[in-house]
Structures are given as C-alpha cells and as structure tokens.
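Residue-level structure breakdown
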Amino acid sequence: SGFEKYNKDNFAISSFVIDELSLDAIRTLVIVNGMNDKETARQYFSNVVRKRNLFAPLGDAQYRNFLISNANFDMFLKEKNITVYMDFYKQVYLAK
C-alpha cells in the first residue's frame, strides 16, 4: 500500500504495521500500529496528513484522519460512531 511504501521510505527503522479493518459494509479503517508513545504518533500523523498523494486512491470518498489510543479504539469499535469520536478528538487532542 501507499502507507507501507511511505513508512519504508520515511520510517525505515520503525516497526509500524499497517492493518485494514472493515468497520461496516461501507467503511474501512486503515490502522497504523507500532507507535511507542504519543509524541511519535503525533509526529507521524502530522507528516502523513500533509502527504496528500497517500489519499489519492480514495478519490472523492469522504475520510477522517485521527489519532486514537488502544483503550479509546476499543470503545470506538463498540459504538462505530465517527462523529461522536471526532467531537471527542477535537476537544481532547486538538484543543492542546
């Protein structure tokens, strides 16, 4: 995938793992695992969202980029409500 190539080219010494998970019949999550801490995750996120070519295969599809802890991810999977999580994300992560 584009993310795997990006990681190989830019984070060769990392142990990041790319997974895809079907959230439901129409939504798929692309998950990057292997971040050692919040700062690594934030730096990675900041770099990736600026690489628009990574998202070109999505065409006109709507998508969201966000950071999420393992504990919050488990709760997110139970609810599967991106709108609610994005509201939480804006308050907790983007307000800093």
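Residues numbered from 1 in each chain as written. Predicted model: local features only at pLDDT ≥ 70, side-chain atom pairs only at ≥ 80, totals over all residues. Heavy atoms only, no water.

What to know about helix α4 (residues 82-92)
Cut-off, in case you're wondering: Relative accessible area decides the class of each residue, using a 1.4 Å probe on protein chains only: under 20% of the type maximum gives buried, over 50% gives exposed, and in between gives partly exposed. Secondary structure counts use DSSP, requiring at least four H or I residues in a row for a helix and at least two E residues in a row for a strand, with both numbered from the N terminus. Note that the arc is computed from the directions linking the helix axis to the C-beta atoms. In what follows, a contact means two residues having at least one pair of non-hydrogen atoms within 4.5 Å.
Three or more residues of α4 are buried, namely Ile82, Tyr85, Met86 and Tyr89. Burial along α4 is one-sided: seen end-on, the buried residues are contained in an arc of 100°. Turned more than 90 degrees away from the buried face of α4, the exposed residues are Thr83, Val84 and Gln91. Considering only its buried residues, α4 is in contact with α2 (38-49) and α3 (70-79).

Regarding the pattern of salt bridges
Stated formally: For this analysis, a salt bridge means a side-chain nitrogen from Lys or Arg found within 4 Å of a carboxyl oxygen belonging to Asp or Glu.
Summed over the entire model, instances satisfying the criterion amount to 2 salt bridges. With a shortest N-O distance of 2.7 Å, Asp9 and Lys5 are connected by a salt bridge. Of this pair, Asp9 and Lys5 both sit in helix α1 (residues 2-10), separated by 4 residues, roughly a single helical turn. Residue classification places Lys5 among the exposed positions, given a relative accessible area of 53%. As a salt-bridge pair, Asp24 and Arg27 come within 2.7 Å of each other at their nearest N and O atoms. In this structure Asp24 comes out as partly exposed when scored by relative accessible area, which is 27%.

Details of the side chain of Asn7
Formally: Polar contacts, as used here, are pairs of N or O atoms within 3.5 Å; protein pairs need one atom able to donate a hydrogen and one able to accept it. Residues neighboring in sequence count only if both atoms are side-chain atoms.
Mapped onto the elements of the fold, Asn7 is located in helix α1. One polar contact links Asn7 to Tyr44, side chain to side chain, over a distance of 2.7 Å. The residues contacting Asn7, other than those within four sequence positions of it, are Ala12, Phe16, Ile18 and Tyr44.

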